[in-house]
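Listed here are the chains, written in short residue letters.
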Amino acid sequence: MTQCVDGFKHVCNSLFRCFDLEIYKQSGGLGDPELLARETVFSVSEIEALYELFKKISSAVIDDGLINKEEFQLALFKTNKKESLFADRVFDLFDTKHNGILGFEEFARALSVFHPNAPIDDKIDFSFQLYDLKQQGFIERQEVKQMVVATLAESGMNLSDEVIESIIDKTFEEADTKHDGRIDKEEWRILVLRHPSLLKNMTLQYLKDITTTFPSFVFHSQVEDT
Amino acid sequence: MENSWFQKGFKKIEEPKSPDSMIESLMSDVHAAFAVQPMCYTAFDLISSLAQGFDLSGLFEKEERSGSMFTTKKEAKEIVSKFEEIATSSERFDLKKINVGVIKMEDRREGRKGQVAIEVEIFEVTESFNMVEFKKSGGDTMEYKQFCDRELKPSSKDIVWKWQGN
């Protein structure tokens, strides 16, 4: 049955490429750059440049115009042999359709949050969701511990359980102002506003220069950038 | 010598001493003059600094980045001593404290774009676990990179536990 569906998808994708449709394509294509520009902080030319990056990443393993998890890992770590709880978490947050692959629209919408001009509330929200492993709407002590342990393991370091517990104790002392053993969105927001460096990974300066780094040769764009 | 930081605890040297003992007395003067109190680090700081998966700049970079952050089991005092040592043996860099947990190494010489300056920040995660981050705060990037690759990184090996990204 799945072979049937895959075959059908393959035929469709080939058909679309055959006819080079300008109208809204399946997630394997650029889609509607003007719509994306309206709904993200990117300009149309930035969307087109971003698409060049997307094409590069999505063709690394399977050239199907979609980013699978392996291609994502490859792009991030320059090796696909690196398993990472955090890369998985980021991928899952990008994958708003929850189908295990990233289309360009998902890619662009997620990266929009990382733009230097994106609203800080979006960044605070996204980072909260990153840490909220079980997606319960709050960050539990157990989740923090899991992430600390994973971070140390991924970096090849180990610390005694005692030390790890003391790090988390200190963190919760500061962050968990309601003293309920978990960090909710409000507490997270307050913590982040006090420690802005916690959001440093939520801004990618590279996105500001993306039209220079990834020049796009799409000539049908007639929209004037403001 | 005019810097008051230097004068505190300073004993005027009457006869020439051996270089080693001069460095020793210099070190103790520096420690007496200031203590670097490391900044406190939450679990989230630790995760966001070390977890490569959370850092998407890899999507834009062509090669693996050379690290400018490392973890260490040494105390802040030893970390500062190590950077003092590096500064002294470079015979061109001076070390000074600029803030809590932040020290600066500045080249006495003028480079292509002014004096190369490096800011080193120490973050305390626990008493026996610190994070050290350094970055260029002045001067030409190539010259900064050269100094890092040729002197700073090799010389700091004995205090480094793990480099970020390795």
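Just so you know, these numbers come straight off a predicted model, no measurement behind them. (Residues numbered from 1 in each chain as written. Chains lettered and ligands numbered in written order. Predicted model: local features only at pLDDT ≥ 70, side-chain atom pairs only at ≥ 80, totals over all residues. Heavy atoms only, no water.)

## Here's the deal with the overall build of chain A
- In terms of helices and strands, chain A carries 11 helices and 4 strands.
- Put simply, chain A has 226 residues, and 43% of those count as buried.
- Long-range pairs, those at least 24 residues apart, make up 56% of the contacts in chain A between residues at least 6 apart in sequence.
- Of the accessible surface of chain A, which amounts to about 12100 Å², a share of 54% is contributed by carbon and sulfur atoms. (Helix = DSSP H or I, 4+ residues; strand = E, 2+ residues; numbered from the N terminus. Buried < 20%, exposed > 50% of the residue type's maximum accessible area, 1.4 Å probe, protein only. Contact = heavy atoms within 4.5 Å. Areas by Shrake-Rupley, 256 points an atom, 1.4 Å probe, with all protein chains shown as cover.)

## Topic: the side chain of Asp55(B)
- In this structure, Asp55(B) sits in the loop between helix H3 (43–50) and strand S2 (69–72).
- Overall, the relative accessible area of 16% leaves Asp55(B) in the buried class.

## Regarding the domain arrangement of chain A
- By domain assignment, chain A separates into domain 1 (33–82 + 94–114) and domain 2 (120–199).
- The straight-line distance from the C-alpha centre of domain 1 of chain A to that of domain 2 of chain A is 27 Å. (Domains from an automatic or database assignment.)

## A look at the nonpolar core
- Within the largest apolar cluster, 79 residues are counted, with the highest numbers of intra-cluster contacts made by Leu50(A), Phe94(A), Phe104(A), Phe107(A), Phe114(A), Trp188(A) and Leu56(B).
- Split by domain, the residues of this core number at least three in each of domain 1 (33–82 + 94–114) and domain 2 (120–199) of chain A.
- Sequence-distant contacts of Phe94(A), that is, excluding residues within four places in its chain, are made with Leu102(A), Glu106(A), Phe107(A), Ala110(A), Leu111(A), Phe114(A), Phe126(A) and Leu56(B).
- Listed in part, the 23 residues of the second largest apolar core include Ile103(B), Val132(B), Cys148(B) and Ile159(B). (Core = buried A, V, L, I, M, F, W, Y, C linked by side-chain atoms within 4.5 Å.)

## Here we look at the pattern of salt bridges
Residue and element names in this part refer to chain A.
- Here the structure, examined in full by the defined rule, presents 24 salt bridges over all chains.
- Of the charged contacts, one joins Lys 145 and Glu 165 as a salt bridge, the two residues approaching to 2.6 Å between their closest N and O atoms. One end of the pair, Lys 145, is in helix H8 (residues 141–154); the other, Glu 165, is in helix H9 (residues 161–175), and 20 residues separate them in sequence.
- Taking the relative accessible area as the measure of exposure, Lys 145 reaches 15% and is therefore buried.
- Across the pair Asp 184 and Lys 178 runs a salt bridge whose closest N-O atoms are separated by 2.7 Å.
- Of the residues examined, Asp 184 reaches a relative accessible area of 18% and is grouped as buried.
- Through salt bridges with shared partners, one network takes in Arg 141, Lys 145, Asp 161, Glu 165 and Asp 169. (Salt bridge = Lys/Arg side-chain N within 4 Å of Asp/Glu carboxyl O.)

## So, the UniProt feature "domain: EF-hand" (unreviewed entry) in chain A
Residue and element names in this part refer to chain A.
- The positions UniProt marks with the feature "domain: EF-hand" (unreviewed entry) are residues 82–117, 119–154 and 163–198.
- Secondary structure content for residues 82–117 is 53% helix and 6% strand, and the end C-alpha separation is 31 Å.
- Split by type, residues 119–154 is 72% helix and 8% strand. Its first and last C-alpha atoms lie 31 Å apart. (UniProt positions renumbered as here; feature names shortened; annotations may be inferred.)

## Details of the pairing of strand S6 (residues 129–138) of chain B
All names here are of chain B.
- With 4 bridges connecting them, S2 and S6 associate as antiparallel partners. When the sheet's bridge partners are listed, Thr 71 is paired in S6 with Met 131.
- Pairing analysis gives 9 bridges linking strand S5 (residues 117–126) to S6, with the strands arranged antiparallel. By the bridge assignment for S6, Ala 117 is matched with Gly 138.
- Linkage of S5 to S6, two consecutive antiparallel strands, is achieved through a turn of 2 residues. (Pairing = 2+ DSSP bridges.)

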